[in-house]
Amino acid sequence: MDNGMIRKYEKAKLYAEERDRISIQSMAVNFDGKNNPHKVEFKDDGWQCDCHFFETRKRCSHTMALELILDQMIPEKVAS
Ligand SMILES: [Zn+2]
């Protein structure tokens, strides 16, 4: 890496520690669940998952796992 890129990388490492700077607007995830693969989406400030549990509860192990991974990067009202 050249010096310019090294400085950017150092800045990137600091940013990676400051997750509240990042606000995820939308994402699509293939989730390899224990029993089946699932498609999970985050858009319009809300989760969608194609698993059976999500249909009734609007939250499931897949969306909650992603909430843990994406700590502070999704809107607060969705995470709570
Ligand atoms: Zn699910």
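Residues numbered from 1 in each chain as written. Predicted model: local features only at pLDDT ≥ 70, side-chain atom pairs only at ≥ 80, totals over all residues. Heavy atoms only, no water.

### Comments concerning the pairing of strand E2 (residues 37-43)
Part 1 of the reasoning: Burial along E2 is one-sided: His 38, Val 40 and Phe 42 are buried, and none of Pro 37, Lys 39, Glu 41 and Lys 43, which face the opposite way, are.
Part 2 of the reasoning: As defined by bridge partners, strand E1 (residues 27-32) adjoins E2 across six bridges and the pair is classed as antiparallel. Residue pairing in the sheet places Asn 30 in a bridge with Lys 39 of E2.
Part 3 of the reasoning: Connecting E1 to the antiparallel partner E2 that follows it, the hairpin turn spans four residues.
Part 4 of the reasoning: Adjacent in sequence and paired antiparallel, E2 and strand E3 (residues 46-49) are bridged by two residues, among which Asp 44 carries a positive phi angle near 50 degrees. (Buried < 20%, exposed > 50% of the residue type's maximum accessible area, 1.4 Å probe, protein only. Helix = DSSP H or I, 4+ residues; strand = E, 2+ residues; numbered from the N terminus. Pairing = 2+ DSSP bridges.)

### Digging into the coordination of the zinc ion
Part 1 of the reasoning: Of the protein atoms, only Cys 49 (SG), Cys 51 (SG), Cys 60 (SG) and His 62 (ND1) coordinate the zinc ion, at distances of 2.1 to 2.4 Å.
Part 2 of the reasoning: Within one chain, the residues serving as donors to the zinc ion are arranged as C-x1-C-x8-C-x1-H.
Part 3 of the reasoning: The exposure class assigned to Cys 51 is buried, which follows from its relative accessible area of 5%. (Donors = N, O, S within 2.8 Å, 3.2 Å for Na, K, Ca; no water.)

### Observations regarding the nonpolar core
Part 1 of the reasoning: In this structure, Trp 47 and Leu 70 are the most contacted members of the largest nonpolar core, which totals 13 residues.
Part 2 of the reasoning: Counting residues per element, the ones that place at least two in this core are E2 and E3. (Core = buried A, V, L, I, M, F, W, Y, C linked by side-chain atoms within 4.5 Å.)

### Brief notes about unusual backbone geometry
Part 1 of the reasoning: For Lys 58, which is not glycine, the phi dihedral falls at a positive 60 degrees.
Part 2 of the reasoning: Locating Lys 58 in the fold gives a position in the loop between helix H2 (52-57) and helix H3 (61-69).
Part 3 of the reasoning: One non-glycine residue, Gln 72, lies in the positive phi region at around 75 degrees.
Part 4 of the reasoning: With respect to the helices and strands, Gln 72 occurs in the loop between H3 and helix H4 (76-79).

### Examining the side chain of His 62
Part 1 of the reasoning: For His 62, the position within the fold is in helix H3.
Part 2 of the reasoning: Classification of His 62 by relative accessible area gives buried; the value is 10%.
Part 3 of the reasoning: When neighbours within four sequence positions are excluded, His 62 is seen to be in contact with Phe 31, His 38, Val 40, Cys 49 and Cys 51. (Contact = heavy atoms within 4.5 Å.)

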